[in-house]
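Spelled out, the chains give:
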Amino acid sequence: MAGGRPIRALNVAEKPSVAKAVSGILSKNPSSGGLRVRDGRSRYNKIFEFNYTIQNQQFHMSFTSVTGHLMELEFEERYRKWHSCDPVQLYQAAVKKYVPEDKLDIKRTLEEEARRCQWLILWLDCDREGENIAFEVVEVCTQANRNLNIWRARFSALIDREIHYSMQHLLRPNQLFADAVDVRQEIDLRIGASFTRFQTMLLRDAFNLDFTTDDKNIILSYGPCQFPTLGFVVERFWEIQSHEPEEFWTINCTHNSEEGLATFSWMRGHLFDYTCAAIIYEMCVQEPTATVTRVRQQEKLKYPPHPLSTIELEKRASRYFRMSSEHTMKVAEDLYQAGFISYPRTETDGFSERTDLCMMVQEQQVHPVWGSYAQRLLDPEARLWRNPSGGGHDDKAHPPIHPTKFSAGEAGWSQDHHKLYELVVRHFLACVSQPAVGAETTVDIDIAGELFSASGRMIIAKNYLDVYRFESWGGSMIPTYNFGQQFTPATLTLDSGVTRPPPPLSEADLLSCMDKAGIGTDATMHDHIKKLLDRFYATKDSNTRFSPTKLGEALVMGYDDMGYELWKPYLRAMMESDMKAVSMGTKSKTEVLETCLQQMKACFVDAKSNKGKLFEAMAVFFERSNRSSTNEQNTVTEVVRRCNICQESDMVLRRKPDGNFMVGCMGFPHCKNVVWLPGSVSEAVVTTNVCSSCAPGPVYQIQFKFRRLEIPPNYNVDHLGCIGGCDDILRQLVEICGTGSRNSSSVPGRGSGHTPSSNSAQRSNSRGQGACVNCRQTGHSSDVCPSRVSRGRNVRSQEADAQEGESSIPCSSCGAPCVLRTANTANNRGRKFYSCRLQECNFFVWEDNINEGGRVARGNISRTASNPSRSGVRGRGGQSGRQANDVAFVSATGEPVSGRCFVCGDPSHFANVCPNRGR
């Protein structure tokens, strides 16, 4: 024991007020040396010092605090920006726990104090959340001092007996409880961030959200608990909207006697068929004599409520005082920290046998209002005491909410503080009281074979109702009747009514739905309800009843139309059950994380593929906005590669408003890297195939489909291409077809340079080592390709095509017919030209350069040379006996060039990557 010297112990509470209260209680003993206070690094988190004895061992105590969670869970930096990645990547993106900037001073205080101490005693709230915060404190402190002896104080009220007992019976912290919170935090972060980014980027700029003036900054959030909570509200609203009133009929009977009036109800209730009801009524009118067939008298008991849990506290405060659940918990927290009630976040609704209930009642005997009732409870002759019955719930952490200190009202209390304290005290006194006792009489009568019934109740003993003024048990007397007695009714009427829809959910109703479905916990349910109001998903009227807004209904409708019931409670209830299993040790943290995230990722992928349903639902309630260009930048699309310029965001495939495709950086407008694709693309889908040439990877290949009439005939309509810089086919088609509606023609790779591997591939191609133009395989040239068909057969097939009516001229290189086509570039748009259909031939001529006799004017023919240095482009390997320097080239778009590049003439590169282009 440190050589007989006092052990230095660092105590850490969850809030500064708790640290102050516990220190004040523990320093009251004479040997404490008094309570000393000094500043820590954070001016809000003081350090209290005193001496204390634990099981005959002297301790020098330092007591400080945190302010809730010390750490936050967040994605690594590269994933934090909304446009940095496709939201689906957030399901496997790296996350980390870190101490945020505003809590670094608290961290430094803990580190400095831990270095001087041998023990660490954790006084965090005794629930799963508090246990998780405790392990955050442990992580910081053990990094500064690995030899700390770590203990946990478990308490439920800030009162002397509870605090001293906890200090003398320290336990070890519960890692399983902390793991359950880690699971919940990571699941909520990944699911919430992915769906929130998806919804917001997809819908915010696409519609005029008329419920706010700042719709550009509104967040369309999704929470795994928040959305099922919204689902309850919308589902009830839909029930009300779809209700069709239906008329019904019932027979009512009354009888007057000297003892008073009795009203008899028809045992059938009511009928929806008027004819049947009228026939039965006529039978009763024709034989109106009533005969008493049965008289029952029995004792009835009305039992007091179970001890108070958090959910019941919120529901009853809403029902009795119309206080919101959020405000109720704030007031309850104030009362707890001041020591007047026990810990207000508990699922337990039954007291343990060792709880001294009599002592709690004794403290209330002097209260001016309910003190006399407390005295009767403790009087054995009154026989009012009853051991409370439990509701069957026990969170193993805290007892039910109960008063811990007497108060007739404090000076600083608001009216709501008075109301809530009164509710807690009266509820506690009621649950240790006898039930109310009543005598109930039921009389059944027969009129023409139809049965009617009336009942009355007389209160014999009110018992708990004397103190629990929030409930009543109405008594109604009826005259005395005997079996076989007959009488004629005073009135016998056929009355009509209509069915009515259920009312909107009240806050108490909503809490009951959430509790029954397992949505959220006692500590978080009020937060989920508040989020609905903060996010404009629902409204609450003066009667605390909820209705969905247009936005809330549209989102639920969109997901409902997809077929995925993401707004239903089932998925979240399963997650909550799994998290409870983690806290009990029956499931592992890794197992639950993997299962839940895999399930929700599948839902997210399906939601993305069906995002049109969300658009359709939103269009029912909101007008489309004119911010389509902005929305286009934010539309969720498929990732092609990591941006090789900013190195932070992903490059994604997008469809522009004019229908053309592009691959752009999601970091726009901060990063303007873009790859423009040919304007002839009709369809484009990112595949899972990874390019083996381009680096850094992965670079996913895109499956293109081109419009047949907009590309040369020697190109395939379907093409599996790459935008990393290695795909010659795409570059050629950009030169031929342009990029759609852009004013100036751009090309794949503009502004992004080439990767080392793609550069080397180009150099290899320029030496004649490229892929064969026929089979796209390397290792041989197109001249000796085993799959090459005879030129004569190709010529005959082309001639046959020409006979179908197409305008053509014979190719001067190979003799094949050349069809008439139209250029689509800025310089020559609309100009007609002839080009050879054979891939290995590069013959080209403008229509207006052909003589009247159909012969090509000299000097206007384009064909490639057989020089290996010019064979870098697929499909351009025609033969010629002339040297490369003697050949005049014309591109397929009509610009005359010398050599391969029509800008500078350099045969080692194409014009679209020429360093001189644009100067």
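So, how was this worked out
Counting from 1, residues in each chain are numbered in the order their sequence is written. Two thresholds apply to this predicted model, a pLDDT of at least 70 for residue-level local features and 80 or more for giving and counting side-chain atom pairs, whereas whole-chain, interface and lining totals are computed over all residues. Here the side-chain values reflect all heavy atoms present in the structure, with hydrogen atoms and water set aside. Each residue gets a pLDDT score, which is the predictor's confidence in that residue and runs from 0 to 100. Note on conventions: DSSP H or I runs of at least 4 residues are helices, E runs of at least 2 residues are strands, and numbering of each starts at the N terminus. Residue contacts are defined here by distance: any two heavy atoms, one from each residue, within 4.5 Å place the two residues in contact. Two aromatic rings, drawn from Phe, Tyr or Trp (for Trp, its six-membered ring), form a pair once their centres lie within 6.5 Å of each other, and the interplanar angle then sorts them: stacked below 30 degrees, edge-to-face above 60, tilted otherwise. For helices, the axis comes from a line fit to the C-alpha atoms of the stretch in contact; other axes are also lines fit to C-alpha atoms, and the angle between any two N-to-C directions lies between 0 and 180 degrees. Angle categories: roughly parallel below 35 degrees, roughly antiparallel above 145, roughly perpendicular from 65 to 115, and oblique for all the rest. Under the scheme applied, nonpolar residues are Ala, Val, Leu, Ile, Met, Phe, Trp, Tyr, Cys and Pro; charged residues are Asp, Glu, Lys and Arg; polar residues are all the others, including Gly. Here's how the labels work: a residue is buried when its accessible area is under 20% of the maximum for its type, exposed when over 50%, partly exposed in between, all with a 1.4 Å probe on protein chains only. In protein, a polar contact requires one atom able to donate a hydrogen and another able to accept it; more generally it is a pair of N or O atoms within 3.5 Å, and residues adjacent in sequence count only if both atoms are side-chain atoms. By definition here, a salt bridge exists when the distance from a side-chain nitrogen of Lys or Arg to a carboxyl oxygen of Asp or Glu is within 4 Å. The patches described consist of residues with a relative accessible area above 30% and no salt bridge, like charges being joined within 9 Å and nonpolar side chains (Val, Leu, Ile, Met, Phe, Trp, Tyr) within 5 Å. Residue burial considers only the protein chains on display, and all accessible areas are found by Shrake-Rupley using a 1.4 Å probe. For two strands to pair, DSSP has to find at least two bridges joining them.

Enquirer: I would appreciate a short explanation of the confidence of the model for the protein chain in the present structure.
Expert: Should pLDDT be low for a region, the predicted coordinates there are not to be read in detail. Put simply, the protein chain has an average pLDDT of 82, and 81% of its residues get 70 or more. Taken element by element, the predicted model of the protein chain shows its lowest mean pLDDT in helix α22 (residues 756-766) (34) and its highest in strand β7 (residues 119-123) (97). In the predicted structure, residues 628-636 sits below a pLDDT of 50 and forms 23 contacts with residues beyond four places in sequence or in another chain. Low pLDDT, under 50, characterises residues 786-806; the predicted model gives this stretch 24 contacts beyond four residues in sequence or across chains.

Enquirer: Sorry if this is basic, but what is going on with the packing of aromatic side chains here?
Expert: Where two aromatic rings form a pair, the distance of their centres and the angle of their planes describe that pair. Under the counting rule described, the total for this entry stands at 31 aromatic pairs. Ring geometry for Tyr320 and Phe470: centres 4.9 Å apart, planes at 10°, overall stacked. Residue Tyr320 is located in helix α9 (residues 310-321), and its partner Phe470 is located in the loop between β13 (450-461) and β14 (486-487); the two are separated by 150 residues in the primary sequence. When the centroid spacing of 6.0 Å and the interplanar angle of 80° are considered together, the rings of Phe351 and Phe428 count as edge-to-face. With Phe351 in the loop between α10 (325-337) and α11 (357-362) and Phe428 in helix α13 (residues 415-431), the pair connects residues that are 77 residues apart, well separated along the chain.

Enquirer: Please clarify how the packing of helix α17 (residues 570-584) against helix α18 (residues 589-609) should be interpreted in this entry.
Expert: Helix packing geometry: the angle between the two helix axes and the distance between the axes. Running from N to C, α17 and α18 point in directions that differ by 170°, and their axes come no closer than 9 Å. By the angle between their directions, the pair α17 and α18 is classed as roughly antiparallel. Contacts between α17 and α18 pair Leu571, Met574, Met575, Asp578 and Val582 from the former with Lys589, Val592, Cys596, Gln599, Met600 and Cys603 from the latter. Classifying every residue of the contact of α17 with α18 by side-chain character gives eight nonpolar, one polar and two charged.

Enquirer: What exactly am I supposed to notice about the environment of His255 here?
Expert: Take His255: it is sitting in strand β9 (residues 247-257). Taking relative accessible area as the criterion, His255 reaches 9% and is therefore assigned buried. Residues His255 and Leu492 lie 237 residues apart in sequence; the distance between their C-alpha atoms is 9.3 Å. In this structure, His255 is in contact with Gly260, Leu261, Ala262, Phe264, Tyr481, Phe487, Thr488 and Ala490, ignoring residues within four places of it in sequence. A polar contact is formed between the side chain of His255 and the side chain of Tyr481, at a distance of 2.8 Å.

Enquirer: What is the right way to read unusual backbone geometry from this model?
Expert: Residues other than glycine predominantly adopt negative phi, and peptide bonds predominantly adopt the trans conformation. Of note, the amide linkage connecting Ala695 to Pro696 takes the cis form, showing an omega dihedral of -5°. A positive phi angle, near 50°, is found at Ala448, a position not held by glycine. Position of Ala448 among the secondary structure elements: in the loop between β12 (436-447) and β13. Within the chain, Asn463 stands out as a residue other than glycine whose phi angle is a positive 50°. Looking at the element boundaries, Asn463 is found in the loop between β13 and β14.

Enquirer: How should the pattern of salt bridges be read in this particular structure?
Expert: Oppositely charged side chains can pair when the atoms bearing their charge come close. The final tally for this structure, using the stated rule, is 43 salt bridges. Residue Asp728 pairs with Arg731 through a salt bridge whose shortest N-O separation is 2.7 Å. Placement of both Asp728 and Arg731 in helix α21 (residues 728-737) is noted, with a separation of three residues, approximately one turn of the helix. Classification of Asp728 as buried rests on a relative accessible area of 3%.

Enquirer: Honestly, a nonpolar patch on the surface in this entry has me stumped. Any pointers?
Expert: A cluster of nonpolar side chains, contributed by Met458, Ile460 and Met477, occupies part of the molecular surface with about 330 Å² of accessible area. With respect to the helices, strands and loops of the structure, Met458 is situated in strand β13. The class of Met458 is partly exposed, set by a relative accessible area of 42%.

Enquirer: Even after reading the chapter, I still don't get the sheet that holds strand β4 (residues 57-65), so can you show me in this structure?
Expert: Working definition: the strands of a sheet are paired by backbone hydrogen bonds and lie parallel or antiparallel to each other. Within the open sheet, the six strands sit side by side as β2-β3-β4-β1-β7-β8. Their pairing is mixed. Since the sheet does not close on itself, it has two edges, and those belong to β2 (36-38) and β8 (149-152), each with one partner. Geometrically, the sheet is characterised by an average inter-axis angle of 30° between neighbouring strands, direction not taken into account. The pairing of strand β1 (residues 7-13) with β4 spans seven bridges and is parallel. The partner of Ala13 across the bridge, within β4, is Ser65. Against the sheet, helix α1 (residues 16-26) makes contact with β1, β3 (47-54), β4 and β7, and its axis sits at roughly 155° relative to β4, the strand it touches most.

Enquirer: Mind showing me how you'd approach the side chain of Ser318 here?
Expert: By the element assignment, Ser318 lies in helix α9. When its relative accessible area of 4% is taken as the criterion, Ser318 is described as buried. If we ignore the near neighbours within four places in the chain, the residues touching Ser318 are Met323, Glu507, Ala508 and Thr544.

Enquirer: Whenever I open this one, the sheet that holds strand β24 (residues 718-721) confuses me. Can you help?
Expert: If you trace the three strands from one edge of the open sheet to the other, you get β22-β23-β24, paired in antiparallel fashion. Each having just a single partner strand, β22 (681-690) and β24 make up the two edges of the open sheet. This sheet shows a mean twist of 20° between the axes of neighbouring strands, independent of strand direction. Pairing geometry for β22 and strand β23 (residues 700-706), over six bridges, is antiparallel. Bridge pairing in β23 places Val686 opposite Ile702.

Enquirer: Explain the pairing of strand β10 (residues 260-266) to me, please; I cannot follow it from the model alone.
Expert: Regular strands place side chains that alternate from one sheet face to the opposite one. Summarising the sheet, β9 and β10 pair through six bridges and their orientation is antiparallel. Bridge pairing links Asn256 to Leu261 in β10. In sequence, β9 turns back onto β10 through a hairpin of two residues.

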